[in-house]
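Take a look at the letters that make up each chain.
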Amino acid sequence: MPAVTVGRKLVHVPREAYADALCPDKHVFLVGDLKQPTNYPFIAEPRLELAMCAYEAGDDGRPHWHAGVTEYELVITGRIGYRDIAANAVIWAGSGDFLLVPAGVCAQRLVPERSATVAVKVPSSPEKTHCDACPRDCRYRVAGSVAGAQPHEN
């Protein structure tokens, strides 16, 4: 579906326009510089991404980092965690809690129960480096970059 054109006017994207994507897609991008087609409308915007995220228990992410992207996440329901790979520390957040993952920090999302969040990435960018493909000389590299993997030294 094409992007919604934004000028000097208010824009309303009704829930019904993207509701069908909420179950099959873990991330429903409502705003961003999206380079792939969607089956729902979104607002084209290179300065940031805004996504609604729906996770089931075990939808842990792969350890990764963004060189120039900062991520913000507000937990709406449930509970999620982020493991800081270098510190081998996990920060847990529940409903109403707010998380920040700074650019350059290698982190892994952990989902112990059904959860929903609203995530913002600044700027909007598909750039992402997974731990198993990381060019940095890092003693915290995660073997195989699989969910649940523990940091180890090279």
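Residues numbered from 1 in each chain as written. Predicted model: local features only at pLDDT ≥ 70, side-chain atom pairs only at ≥ 80, totals over all residues. Heavy atoms only, no water.

A. Region of interest: the overall build of the chain. Check the secondary structure of the chain and you find zero helices and twelve strands. Secondary structure elements in the chain, listed N-terminal to C-terminal, are β-β-β-β-β-β-β-β-β-β-β-β. Within the span of the chain, comprising 154 residues, buried residues form 38% of the whole. Looking at the chain alone, contacts between residues at least 24 apart form 65% of all its contacts between residues at least 6 apart. Counting every atom, the chain has about 8700 Å² of accessible surface; 57% of that belongs to carbon and sulfur. (Helix = DSSP H or I, 4+ residues; strand = E, 2+ residues; numbered from the N terminus. Buried < 20%, exposed > 50% of the residue type's maximum accessible area, 1.4 Å probe, protein only. Contact = heavy atoms within 4.5 Å. Areas by Shrake-Rupley, 256 points an atom, 1.4 Å probe, with all protein chains shown as cover.)

B. Highlighting the pairing of strand β6 (residues 70-77). As paired strands, β6 and strand β11 (residues 115-122) are joined by seven bridges and run antiparallel to one another. For E73, the partnering residue across the bridge sits in β11 and is A119. (Pairing = 2+ DSSP bridges.)

C. Spatial organisation of the layout of surface pockets. A volume near 640 Å³ is recorded for the largest pocket. For the lining of the largest pocket, the elements supplying multiple residues, two or more each, are β2 (27-32), β4 (49-55), β6 and β11. If you tally residues by element for the lining of the largest pocket, the top one is β4, at five residues. Class assignment for the residues of the lining of the largest pocket results in eleven nonpolar, nine polar and ten charged. (1 Å grid on protein atoms, 1.4 Å probe; cavity = no way out; pocket = protein on both sides within 12 Å on 5 of 7 lines; lining within 4 Å. Points joined across faces, edges and corners; volume = space filled by probe spheres on them. Nonpolar A, V, L, I, M, F, W, Y, C, P; charged D, E, K, R; others polar.)

D. Molecular detail of the nonpolar core. Within the largest apolar cluster, twelve residues are counted, these being A51, C53, Y55, V75, I80, Y82, A93, L99, V101, A107, V111 and A119. Those elements that place two or more of their residues in this core are β4, β7 (79-84) and β9 (98-101). A per-element tally of this core places β4 first, with three residues. If we ignore the near neighbours within four places in the chain, the residues touching A107 are R62, P63, H64, Y82, R83, I85 and V101. (Core = buried A, V, L, I, M, F, W, Y, C linked by side-chain atoms within 4.5 Å.)

E. Geometry of the side chain of Q108. On the secondary structure map, Q108 appears in strand β10 (residues 107-110). We classify Q108 as buried; its relative accessible area is 0%. In terms of polar contacts, Q108 uses its side chain to reach the side chain of R83, at 2.6 Å. (Polar contact = N/O pair within 3.5 Å; in protein donor to acceptor, adjacent residues only side chain to side chain.)

F. Fine view of the confidence of the model for the chain. Mean pLDDT for the chain: 82, with 79% of residues reaching 70 or above. Mean pLDDT per element in the chain: strand β1 (residues 3-4) is the minimum at 63, and β11 is the maximum at 96. For residues 144-154, every residue scores under 50 in pLDDT, and the model assigns this stretch 34 contacts once sequence neighbours within four places are set aside. (pLDDT = per-residue confidence, 0-100.)

G. Spatial organisation of the packing of aromatic side chains. Under the criterion given, the structure shown has one aromatic pair. Between Y72 and F98, the ring centres sit 6.1 Å apart and the planes meet at 20°, which makes this aromatic pair stacked. Of this pair, Y72 sits in strand β6 while F98 sits in strand β9, and the two are 26 residues apart along the sequence. With relative accessibility at 31%, the residue Y72 sits in the partly exposed group. You can call F98 exposed: its relative accessible area is 55%. (Phe/Tyr/Trp six-rings, centres within 6.5 Å; stacked < 30°, edge-to-face > 60°.)

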